[in-house]
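Notes for the structure review
Here is how the chains run, residue by residue.
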Amino acid sequence: MPGRNLEAVIAATREVGDMAMARWRGEGKAVDVWNKSHDNPVSDVDLAVDARLKAVLGAMVPEAGWLSEETADNEDRLSCRAMWCVDPIDGTRDFIRGRPGWCVSVALVIDGQPELGVLYAPALDELWVAQKGKGATLNGETLRASRRMIFDGSRVPADSLPKIDRDLIMVTKPNSIALRMALVADDRADLVATLRWGFEWDVAAAALIATEAGAVVTDAFGEPLVFNTPRAQAFGVIACSPGIHRAVVSRLHDRAATIAYNA
């Protein structure tokens, strides 16, 4: 199933990415924006991309379930071996502010694990593709993830660093968590780590891309990620060089302890 659909998935992702790109920065057309909840913006472009992807991908694999940030969840997906896991525009804040750090994220999950992953960031002219067991590419070039072995001095996409992380080096941070993980896959960053509940659609495609490039991807406790779960969430995500994974888990534990102490 996955191999047969890869080129079609890429084409569908490109189509909707270009559709969104035509509205980026307005391009003479107003973008309607509102908050789904506190500080959680969405635009009419997110919804248009979601609808188009659901129609095209749903026809491609009719038996697959559907999980998307912009579609009401349906527990019927839990009985499906295959599931599309989609974020129509990951990094909506960058999209609506005219910044380039957004992408369309599409993954096909089978038996709880991503089998295909595509990220398309048209404002950056970047197409990231992975197929389980067959590696990952950026614009057709094979990716090799960070191989850093020393935690101190690791590159992390960030706007600022808390005191506990001042031994790290900041690099450019796109709003999209998927693109931040992809930076590890392309050896432009050594680690990405979060300490909050995150949704499967945010990371499914990027997790496969990073893993196929040679990175380690886990939750904040260092445990493997599983997809198509009832809550469709995991606590935190780590994408990093294998050589520093243990140190990253330890640092997250220390950071969590500091937050709890200061609360």
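Quick look at the structure, then. Source: prediction; values computed, not measured. (Residues numbered from 1 in each chain as written. Predicted model: local features only at pLDDT ≥ 70, side-chain atom pairs only at ≥ 80, totals over all residues. Heavy atoms only, no water.)

Section: the nonpolar core
With 41 residues, the main nonpolar core has Cys85, Leu119, Trp128, Leu143, Met181, Ile209 and Val217 as its most contacted residues. Elements with a contribution of two residues or more to this core: strand S4 (82-90), strand S5 (103-110), strand S6 (113-121), strand S7 (126-131), strand S8 (136-138), helix H4 (177-185), helix H5 (200-213) and strand S14 (233-240). A total of ten residues in this core trace back to one element, the largest contributor, which is H5. For Val217, the residues in contact, after removing those within four places along its chain, are Met181, Ala207, Ala210, Thr211, Leu225, Val237, Ile238 and Ala239. If you look at the next biggest cluster of nonpolar residues, it comprises 30 residues, including Ile10, Trp24, Ala82 and Ile110. (Core = buried A, V, L, I, M, F, W, Y, C linked by side-chain atoms within 4.5 Å. Buried < 20%, exposed > 50% of the residue type's maximum accessible area, 1.4 Å probe, protein only. Helix = DSSP H or I, 4+ residues; strand = E, 2+ residues; numbered from the N terminus. Contact = heavy atoms within 4.5 Å.)

What about the environment of Gly222?
Structurally, Gly222 can be placed in the loop between strand S13 (216-218) and S14. Through-space distance from the C-alpha of Gly222 to that of Arg246 is 7.8 Å; in sequence the pair is 24 residues apart.

A closer look at the pattern of salt bridges
On inspection of all chains with the given rule, the structure shows 16 salt bridges. Close ionic contact of Asp73 with Arg77 constitutes a salt bridge, the shortest N to O distance being 2.8 Å. Here Asp111 ties to Arg81 by a salt bridge, and the two come within 2.7 Å at their closest N and O atoms. In this pair, Asp111 sits in the loop between S5 and S6 while Arg81 sits in the loop between strand S3 (65-68) and S4, placing the two residues 30 residues apart along the sequence. In this structure, a network of salt bridges that share partners links the residues Asp165, Asp167, Arg251 and Arg255. (Salt bridge = Lys/Arg side-chain N within 4 Å of Asp/Glu carboxyl O.)

All quantities given are derived from atomic positions and should not be read as evidence of function.
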